[in-house]
Amino acid sequence: MFIRRVTLFKWVNGMVIWPFLLVQDKKSIKDPVFMNHERIHARQQLELILILFFIWYLIEYCVLRLKYSHDRAYRNIVFEREAYAMECDLDYLKFRNTWSFIKFYSQKYRV
């Protein structure tokens with residue numbers, strides 16, 4: 001993954017657009033939990049051939065946004081559910097099965 005420092009939206013610290021990781025603050029790349037979260041997104045993007053990931057992500061966000069606030073809609077996107085749930089497990093990607101994000105549809109949002 002190539003890392004680039006860019007100015008993103010003020011509420012976005014990092015974003016993966018495979019093979020790039022875009023970060024607001026380069027200090028974030030020293031945070032193993034942050035990096036694991038972003039690596040999970042990179043794996044998701046590879047599984048869905050990048051463009052399908054972004055289409056799915058955007059459609060799901062728009063549907064959820066009709067029901068929830070921005071933050072709650074964002075955190076309910078299945079890709080974010082997986083990344084947030086597993087970001088502290090630094091070995092997760094070693095054992096993660098393909099399309100593992102699907103099982104996170106059954107989990108309920110937690111504030």
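Residues numbered from 1 in each chain as written. Predicted model: local features only at pLDDT ≥ 70, side-chain atom pairs only at ≥ 80, totals over all residues. Heavy atoms only, no water.

**Student:** Residue-level account of the overall build of the protein chain, with values.
**Tutor:** For the protein chain, the count of helices and strands is five helices and three strands. When the helices and strands of the protein chain are placed in sequence order, the string is β-β-β-α-α-α-α-α. The C-alpha radius of gyration computed for the protein chain amounts to 14 Å, which stays within 12% of the reference 13 Å derived for 111 residues, consistent with globular compactness. Classification of the 111 residues of the protein chain by burial places 39% in the buried group. The long-range fraction of contacts in the protein chain, counting pairs at least 24 apart against all pairs at least 6 apart in sequence, stands at 44%. Split by element, the accessible area of the protein chain, about 7300 Å² in all, is 62% carbon and sulfur. (Helix = DSSP H or I, 4+ residues; strand = E, 2+ residues; numbered from the N terminus. Rg over C-alpha atoms; globule rule 2.2 N^0.38 Å. Buried < 20%, exposed > 50% of the residue type's maximum accessible area, 1.4 Å probe, protein only. Contact = heavy atoms within 4.5 Å. Areas by Shrake-Rupley, 256 points an atom, 1.4 Å probe, with all protein chains shown as cover.)

**Student:** Now, about the packing of aromatic side chains: what can you tell me, with residues and values included?
**Tutor:** Under the criterion given, the structure shown has 10 aromatic pairs. Where Phe53 meets Tyr57, the ring centres are 5.6 Å apart and the plane angle is 45°; that geometry is what we call tilted. Here Tyr57 and Phe53 lie together in helix H2 (residues 51-65), a separation of four residues that amounts to about one turn. The residues Phe53 and Tyr57 share a single accessibility class, namely buried. Seen from their ring centres, Tyr57 and Phe79 are 6.2 Å apart, and the 5° between their planes marks the pair as stacked. Note that Tyr57 is positioned in helix H2 and Phe79 in helix H4 (residues 78-86), a separation of 22 residues in sequence. The class of Tyr57 is buried, set by a relative accessible area of 19%. One aromatic cluster is present, built from ring pairs that chain together Phe53, Phe54, Trp56, Tyr57, Phe79, Trp99 and Phe101. (Phe/Tyr/Trp six-rings, centres within 6.5 Å; stacked < 30°, edge-to-face > 60°.)

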